[in-house]
Amino acid sequence: MELNRSGIIGQSTTLAEVFKTLSKVAPTDSTVLVTGESGTGKELLVRALHANSTRANKPFVPINCGAIPKELLESELFGHEKGAFTHAIRSRPGRFELADGGTIFLDEIGEMDLSLQVKILRVLQEKEIERVGGTGVKKVDVRIVAATNRDLEAEVTAGHFREDLYYRLNVIPLHLPPLRERGDDVILLAKHFLEKFCAKKGRPTLILNSRTIKILTAYNWPGNVRELENFMERLSILTDGTEINPQDLPDKIIDQVAETNAEALTQISEPKKMPKLPPVTDSKNANITGATYIWPTLQVLQDLELNLKDFLDMTEAKLVTEALDKSQGVKNIAAELLGVKRTTLLEKVKKIQNPK
Ligand SMILES: Nc1ncnc2c1ncn2[C@@H]1O[C@H](COP(=O)(O)OP(=O)(O)OP(=O)(O)O)[C@@H](O)[C@H]1O
Ligand SMILES: [Mg+2]
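Just so we're clear, the structure is a prediction, and the values are computed from it rather than from any experiment. (Residues numbered from 1 in each chain as written. Chains lettered and ligands numbered in written order. Predicted model: local features only at pLDDT ≥ 70, side-chain atom pairs only at ≥ 80, totals over all residues. Heavy atoms only, no water.)

Caption draft 1: Focus on the site of ligand 1. Inspection of the region around ligand 1 gives 17 residues, with I9, G39, K42, R226 and E229 positioned closest. Take I9: an N or O atom from its main chain is 2.8 Å from a nitrogen atom of ligand 1. Note that an oxygen atom of ligand 1 is positioned 3.0 Å from one of the side-chain N or O atoms of S38. Burial of ligand 1 by the surrounding chains reaches 83%, relative to a free accessible area of 630 Å². Applying the majority rule of atoms within 2 Å of the grid points places ligand 1 in the second largest pocket. For the shell around ligand 1, the elements supplying multiple residues, two or more each, are α2 (42-51), α8 (185-200) and α10 (224-238). (Near = heavy atom within 4 Å. Polar contact = N/O pair within 3.5 Å; in protein donor to acceptor, adjacent residues only side chain to side chain. Areas by Shrake-Rupley, 256 points an atom, 1.4 Å probe, with all protein chains shown as cover. 1 Å grid on protein atoms, 1.4 Å probe; cavity = no way out; pocket = protein on both sides within 12 Å on 5 of 7 lines; lining within 4 Å. Sits in = over half its atoms within 2 Å of the grid points. Helix = DSSP H or I, 4+ residues; strand = E, 2+ residues; numbered from the N terminus.)

Right under this line is the structure:
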């Protein structure tokens, strides 16, 4: 049977692995624990799990254990009888009862109190619940799926999470890889979101130019797909023209890429659009101006979102690397080609290898 991906986009092998496990586990009643950094699509994946299960036509009931005050969470989950506490003016079923026949999604389970964890364990083992202030137990047929962005094993070691519940939940672990480990999916998703947001605003879909694609691919996406989605929405509102250039990207992205991936910037630092300046005629510089040398302009710095120092460092690194290539690593010759002392060259090589 064709897997219903419930709108989850991606063709990376890391994501394909997740879908492989999902297709095996969805039709069963096994408990599943979904882990992954914030914004990796955990909720979307759990919805896909439900949609591909035999319970698909029954309720899917999500509850965010981290968003509901501790005192209320128990009665939210298990319901209460009239008079169970001050504000319990009438009896109310909890989410487990509402999910009967279907799936309950315990999101951010790592935030749950130890005392409530015991009660979840009981539902898992006995398949029955008891309302707060109630006098009897009720059978429920509910599949439990939980998610967390915490390292539950570490929480167990720290004494914040019950070990028995952890093992009971973790029958089938599904781990969503961070976006930075999904290769070309970044661009696939970026294009998808751009299309969606541009359509919503009634404008033609913005185009990502090749330099922008390089930067988006090199960025480490700490907020994962949610961060990407939000950026694309912002770009669909703020970008003038038809294509997205590096200078349209937020500083946060450029700064991080510049820091960790000088190579990506070196590649984009050869823009074809560099405007041609008239040859410099200053006689002092005559020997280097030649007919073909094109001086960088301020526009280039702005396009690359680099400051003067970083730009000069990059230029220096490029020339030093070229000299070393030409001299096949012979430092004396490389120094000569560059017209510097050997010791100066060594210093520069050191600086390139260990950038601050
Ligand atoms: N592979 C994907 N394809 C399309 N949209 C995605 C994908 N992954 C995530 N999204 C979208 O990104 C946003 C965040 O996803 P979701 O809420 O499922 O993440 P999460 O892991 O539950 O995050 P958190 O830990 O912050 O709760 C949602 O708008 C979701 O629709
Ligand atoms: Mg979530």
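What follows picks up the thread again.
Caption draft 2: Highlighting the side chain of T239. Secondary-structure assignment places T239 in the loop between α10 and β11 (243-244). Within polar-contact distance, the side chain of T239 engages the backbone oxygen of L235 at 2.7 Å. If near-sequence neighbours (up to four positions away) are discounted, T239 is found in contact with R203, L206, I244 and D248. (Contact = heavy atoms within 4.5 Å.)

Caption draft 3: Layout of helix α3 (residues 70-78). The set of residues buried in α3 consists of L73, S75, E76, L77 and F78. One or two steps after α3, the chain reaches G79, where phi turns positive at roughly 80°. (Buried < 20%, exposed > 50% of the residue type's maximum accessible area, 1.4 Å probe, protein only.)

Caption draft 4: Just the nonpolar core, in detail. Counting residues in hydrophobic clusters, the biggest one holds 30 residues, and the most contacted among them are L77, F96, L106, I109 and I120. Breaking this core down by element, the ones donating at least two residues are β2 (60-64), α3, β5 (103-107), α5 (114-126), β8 (143-148), α6 (152-157) and α7 (163-169). No other element matches α5, which puts five residues into this core. Not counting the four nearest positions on each side in its chain, L106 is found in contact with I63, C65, L77, I120, I144, V145, A146 and A147. One finds L189, I253, I254 and V257 within the second-largest nonpolar core, a separate group that totals 26 residues. (Core = buried A, V, L, I, M, F, W, Y, C linked by side-chain atoms within 4.5 Å.)

Caption draft 5: Fine view of the sheet that holds strand β1 (residues 32-35). Ordered by their spatial adjacency, five strands build an open sheet running β2-β5-β8-β1-β9, and the pairing between neighbours is parallel. With partners counted over all chains shown, the strands left at the sheet margins are β2 and β9 (172-175), one partner each. Averaged over all pairs of adjacent strands, the angle between strand axes in this sheet comes to 20°, irrespective of strand direction. (Pairing = 2+ DSSP bridges. Axes fitted to C-alpha atoms, helices over the stretch in contact; angles between N-to-C directions.)

Caption draft 6: The pairing of β8, seen in detail. Summarising burial for β8: six of the six residues are buried, a large majority. Alternating residues of β8 divide into R143, V145 and A147 and I144, A146 and T148, and every residue in both groups is buried. The pairing of β1 with β8 spans four bridges and is classified as parallel. Looking at the pairing, L33 lines up with A146 of β8. Across four bridges, the pairing between β5 and β8 is parallel. Residue pairing for β8: T103 is matched across the bridge by R143.

Caption draft 7: Spotlight on the layout of surface pockets. Here the second largest pocket is characterised by a volume of approximately 550 Å³. Looking at the second largest pocket, it is lined by 24 residues, and the ones nearest its centre are G39, T40, G41, K42 and L44. Every element with two or more residues in the lining of the second largest pocket is listed here: α2, α8 and α10. It is α2 that contributes the most residues to the lining of the second largest pocket, four residues altogether. (Points joined across faces, edges and corners; volume = space filled by probe spheres on them.)

Caption draft 8: Structural detail: a nonpolar patch on the surface. There is a patch of nonpolar side chains on the surface, built from V330, I333 and L337 and spanning about 250 Å² of accessible area. Among the secondary structure elements, I333 is positioned in helix α16 (residues 331-338). In this structure I333 comes out as partly exposed when scored by relative accessible area, which is 43%. (Patch = residues over 30% accessible without salt bridge, like charges linked within 9 Å, V, L, I, M, F, W, Y side chains within 5 Å. Salt bridge = Lys/Arg side-chain N within 4 Å of Asp/Glu carboxyl O.)

Caption draft 9: Up close: the pattern of salt bridges. Considering all chains together, one arrives at 22 salt bridges under this definition. For the salt bridge of E316 with K348, the shortest nitrogen-to-oxygen distance reads 3.1 Å. Separated by 32 residues along the polypeptide, E316 in helix α15 (residues 308-326) and K348 in helix α17 (residues 342-353) bring together distant segments of the chain. Owing to a relative accessible area of 23%, K348 belongs among the partly exposed residues under this scheme. Overlapping salt bridges, with partners in common, bring together K309, D313, E316, K348 and K351 in one network.

Caption draft 10: Focus on the side chain of R182. Among the structural elements, R182 can be located in the loop between β9 and α8. Despite being buried, R182 has no salt bridge partner; D185 is the closest side chain of opposite charge, sitting 5.3 Å away. A polar side-chain atom of R182 sits 2.7 Å from the main-chain carbonyl oxygen of P177. Setting aside residues up to four positions removed in sequence, R182 forms contacts with S12, T14, L15, T40, L176, P177 and V225. (Lys, Arg positive; Asp, Glu negative; His and termini not counted.)

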